[in-house]
Amino acid sequence: MWMTLNLLMAVACVLLAAWLRPWRMLRGPLLTPALAAVALLPWVWLLPQKMPQGLQVQLSGACLLVLMLGWPLAVLVLAAVAVVVWQVGQSPTEQVLVQWVWIGLVPATLALAVGAALRRWLPANLFIYTLGRAFLGTALSMFLAGVMLEWLLELAGQPPREQAMVARWLMAWGDAFLTGMAGAIFVAFVPQWLATWSDERYLRPPSD
């Protein structure tokens, strides 16, 4: 039942993303960050397999992908990343599926929701985008995804893991720091790599 739920979530996300045909965006400047993500992100996801037993550090990068590529294209890139992790790594298929869904797809979807809420209820300016969406939005999305995962694992019959929420909270801030820093750098130097950024929206002068 648990693996069926993960598979259904993954298939639903991929089908919805494919229906929106986001690969059309690759004709522009987003091709470079998309290819870079496929080349580099699998090694970030493989990091727990390379660390000493008992020291499991897992970063995501999914929220940064949503900022750079938008949700539909980010979902397809995350699928490619999961395939590379499955082929190169030593984890069983079930574990890679869980990683794909809960380290990739769920945080990405939550990041989309956070971004929509910020656009709806907060003013459009540089600090809302970099501090609110890239930094705090990533921390919130990653932590909520971790809480949901722990809760569903308990429902599936696994015993509660001590200090799991503390670890999820700390790791969420690790992702938030990296996403916030990268988002600020891209805004300053390569804003064309951010599908969610608009000079007209975020840099327009205040109205009198």
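Residues numbered from 1 in each chain as written. Predicted model: local features only at pLDDT ≥ 70, side-chain atom pairs only at ≥ 80, totals over all residues. Heavy atoms only, no water.

### Observations regarding the overall build of the protein chain
- For the protein chain, the helix and strand inventory stands at 9 helices and 0 strands.
- Going from the N terminus to the C terminus, the protein chain shows its helices and strands as α-α-α-α-α-α-α-α-α.
- For the protein chain, the C-alpha radius of gyration of 17 Å lies close to 17 Å, the compact-globule estimate for 208 residues.
- Evaluated residue by residue, the protein chain yields a buried proportion of 43% over its 208 residues.
- Considering only residue pairs separated by 6 or more positions, the protein chain has 78% of its internal contacts joining residues 24 or more positions apart.
- Element-wise, carbon and sulfur atoms account for 70% of the exposed surface of the protein chain, whose accessible area totals about 11,600 Å². (Helix = DSSP H or I, 4+ residues; strand = E, 2+ residues; numbered from the N terminus. Rg over C-alpha atoms; globule rule 2.2 N^0.38 Å. Buried < 20%, exposed > 50% of the residue type's maximum accessible area, 1.4 Å probe, protein only. Contact = heavy atoms within 4.5 Å. Areas by Shrake-Rupley, 256 points an atom, 1.4 Å probe, with all protein chains shown as cover.)

### Overview of the state of the cysteines
- Evaluation of the coordinates by the stated rule reveals 0 disulfides.
- Left without a disulfide partner, Cys63 is nearest to the cysteine sulfur of Cys13, which lies 14 Å away. (Disulfide = S-S within 2.5 Å.)

### Some thoughts on the side chain of Asp175
- For Asp175, the position within the fold is in helix H8 (residues 164–189).
- The buried charged residue Asp175 lacks any salt bridge, with Arg168 as its nearest oppositely charged partner at 9.4 Å.
- For Asp175, the side chain forms a polar contact with the main-chain nitrogen of Ser60, separated by 2.8 Å.
- If we skip the residues at most four places from it in the chain, Asp175 touches Leu59, Ser60, Gly61, Thr138 and Met142. (Lys, Arg positive; Asp, Glu negative; His and termini not counted. Salt bridge = Lys/Arg side-chain N within 4 Å of Asp/Glu carboxyl O. Polar contact = N/O pair within 3.5 Å; in protein donor to acceptor, adjacent residues only side chain to side chain.)

### Details of the packing of helix H2 (residues 31–45) against helix H5 (residues 71–88)
- The interhelical angle for the contact between H2 and H5, taken along N-to-C directions, is 45°, at an axis separation of 9 Å. With respect to each other, H2 and H5 are oriented oblique. The two elements H2 and H5 cross, and the hand of that crossing is right-handed. Packed against H2, whose contacting residues are Ala34, Ala37, Val38, Leu41, Pro42, Trp43 and Trp45, the element H5 presents Val77, Leu78, Ala80, Val81, Ala82, Val84, Val85 and Val88 at the interface.
- Class assignment for the residues of the contact of H2 with H5 results in 15 nonpolar, no polar and no charged. (Axes fitted to C-alpha atoms, helices over the stretch in contact; angles between N-to-C directions. Parallel < 35°, antiparallel > 145°, perpendicular 65-115°, else oblique. Left-handed = near helix turned anticlockwise from the far one by under 90°. Nonpolar A, V, L, I, M, F, W, Y, C, P; charged D, E, K, R; others polar.)

### Comments concerning the environment of Ser60
- With respect to the helices and strands, the residue Ser60 is situated in the loop between helix H3 (47–50) and helix H4 (62–69).
- The buried category is assigned to Ser60, whose relative accessible area is 0%.
- Counting along the chain gives 115 residues from Ser60 to Asp175, while the straight-line C-alpha distance between them is 6.7 Å.
- Apart from residues no more than four positions distant in its own chain, Ser60 is found in contact with Leu41, Trp45, Ile103, Met142 and Asp175.
- At 3.0 Å, the side chain of Ser60 forms a polar contact with the backbone nitrogen of Ala62.

### Let's talk about the confidence of the model for the protein chain
- This prediction gives the protein chain a mean pLDDT of 91; 96% of its residues lie at or above 70.
- The element-level mean pLDDT for the protein chain is lowest in H3, coming to 80, with H4 highest at 97. (pLDDT = per-residue confidence, 0-100.)

### Quick look at the nonpolar core
- Counting 50 residues, the largest nonpolar core has Trp45, Leu78 and Trp100 as the members making the most contacts within it.
- Secondary structure elements with two or more residues in this core: helix H1 (2–19), H2, H4, H5, helix H6 (93–121), helix H7 (126–155) and H8.
- Residues in contact with Trp100, not counting those within four places in the same chain, are Ala10, Val14, Trp45, Leu78, Ala79, Ala82 and Leu105. (Core = buried A, V, L, I, M, F, W, Y, C linked by side-chain atoms within 4.5 Å.)

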